[in-house]
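# Architecture and fold: a report
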Amino acid sequence: MNVPKSLNALTVGGRGRVLSLSSSGRMRRRLMDLGLIPGVKIDCVGRSPLGDPAAYSVLGAVIAIRDCDAQTVLIEIE
């Protein structure tokens, strides 16, 4: 079994499964609206030249998430 890590630990080309979100309020709702709910698979498809934000493929859509927000998403790397 893999040790849970934050979403920003996922490298380009890596895949994981969302376990939980530790954010609260509007940011939690926004991340959930984007499809980051427990059990969903997520792929890192790219990073900006400076490394922040990163692009993730989730439920057929590509979304960009800043590292500070990605730290609040706990995943299991596959």
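First, a word on scope: everything that follows refers to the structure included in this document. Here the structure is a predicted model, which means the values were calculated and not measured. (Residues numbered from 1 in each chain as written. Predicted model: local features only at pLDDT ≥ 70, side-chain atom pairs only at ≥ 80, totals over all residues. Heavy atoms only, no water.)

Take the overall build of the protein next. Along the backbone of the protein there are 2 helices and 6 strands. Along its sequence from the N terminus, the protein presents helices and strands in the succession β-β-α-β-β-β-α-β. The C-alpha radius of gyration of the protein comes to 11 Å, within 12% of the 12 Å expected for a compact globule of 78 residues. Along the longest, intermediate and shortest principal axes, the C-alpha atoms of the protein span 30 × 30 × 20 Å. (Helix = DSSP H or I, 4+ residues; strand = E, 2+ residues; numbered from the N terminus. Rg over C-alpha atoms; globule rule 2.2 N^0.38 Å.)

The next subject is the pattern of salt bridges. Under the criterion given, the structure shown has 6 salt bridges. Notably, a salt bridge pairs E78 with K41, separated by 2.8 Å at the nearest N-O pair. Of the two residues, E78 sits in the segment after strand 6 (73–77) while K41 sits in strand 3 (residues 41–47), which places them 37 residues apart along the sequence. By relative accessible area, which is 41% here, K41 ends up partly exposed. When the shortest N-O distance is used, the salt bridge between R47 and D67 registers 3.4 Å. With R47 in strand 3 and D67 in helix 2 (residues 67–70), this pair connects stretches of sequence that are 20 residues apart. For R47, a relative accessible area of 30% puts it in the partly exposed group. (Salt bridge = Lys/Arg side-chain N within 4 Å of Asp/Glu carboxyl O. Buried < 20%, exposed > 50% of the residue type's maximum accessible area, 1.4 Å probe, protein only.)

Counting buried positions over the 5 residues of strand 4 (residues 54–58) gives 4, a clear majority of the element. As paired elements, strand 4 and strand 5 (residues 61–65) share 5 bridges and run antiparallel to each other. Its bridge partner being in strand 5, V58 is matched across the sheet by A61. Between strand 4 and strand 5, which pair antiparallel and follow one another directly, the connecting turn spans 2 residues, one of which, L59, has a positive phi of 50°. (Pairing = 2+ DSSP bridges.)

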